[in-house]
Amino acid sequence: MNLNNKSKRLAFLLRHDRGYVFDIHGWRDVNDLIAHHGFTIEDLCEIVATNNKKRFEFSPDMLYIRARQGHSIVVDVELEECIPPAFLYHGTAESSVNIILQQGIKPMNRLYVHLSSTIETA
């Protein structure tokens, strides 16, 4: 499996895996991913380091890893409250634009709507 596919698999395992018992802050044991899901520590380090949207992070001791956004499971990723910029952007498929204009942006099967401060990151 190439690194792009591993990154997508990791996103699922850290955001949506209802079969795993996460701690309250969404941390998952790195050894679980290595022992049961075909990752190496090198894979995980490369995915965290090269993800352009900074989707993942390690705990300071690197024993745990979590997604920073996009969960469908209830976790508290310890986001700090802040004053948003004047403009925020939402990345979506063109096919969804009309329904968003009619009904607004909804989180769908996730906990929150992800907005970005730049068009590039949206």
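Residues numbered from 1 in each chain as written. Predicted model: local features only at pLDDT ≥ 70, side-chain atom pairs only at ≥ 80, totals over all residues. Heavy atoms only, no water.

Q: An account of the pattern of salt bridges is needed here, citing residue identities and associated values.
A: The final tally for this structure, using the stated rule, is 6 salt bridges. Between Arg66 and Glu78 there is a salt bridge whose closest N-O contact spans 3.0 Å. A residue pair is termed long-range when its members are at least 10 positions apart, and Arg66 in strand β3 (residues 64-67) and Glu78 in the loop between β3 and α4 (97-103) qualify at 12 residues. The buried category is assigned to Arg66, whose relative accessible area is 5%. Taking the relative accessible area as the measure of exposure, Glu78 reaches 44% and is therefore partly exposed. Among the ionic contacts, a cluster of salt bridges with common partners joins Glu57, Arg66, Arg68 and Glu78. (Salt bridge = Lys/Arg side-chain N within 4 Å of Asp/Glu carboxyl O. Helix = DSSP H or I, 4+ residues; strand = E, 2+ residues; numbered from the N terminus. Buried < 20%, exposed > 50% of the residue type's maximum accessible area, 1.4 Å probe, protein only.)

Q: Describe helix α3 (residues 41-50), naming the residues involved and giving the relevant values.
A: For α3, every residue scored as buried is listed here: Asp43, Leu44, Ile47 and Val48. Buried residues of α3, seen end-on, are gathered within an arc of 125° and therefore sit on one face of the element. Away from its buried face by more than 90 degrees, α3 exposes Glu42, Ala49 and Thr50. Buried-residue contacts for α3 involve α1 (3-15), α2 (30-37), β2 (56-58) and β3. (Arc of directions from axis to C-beta. Contact = heavy atoms within 4.5 Å.)

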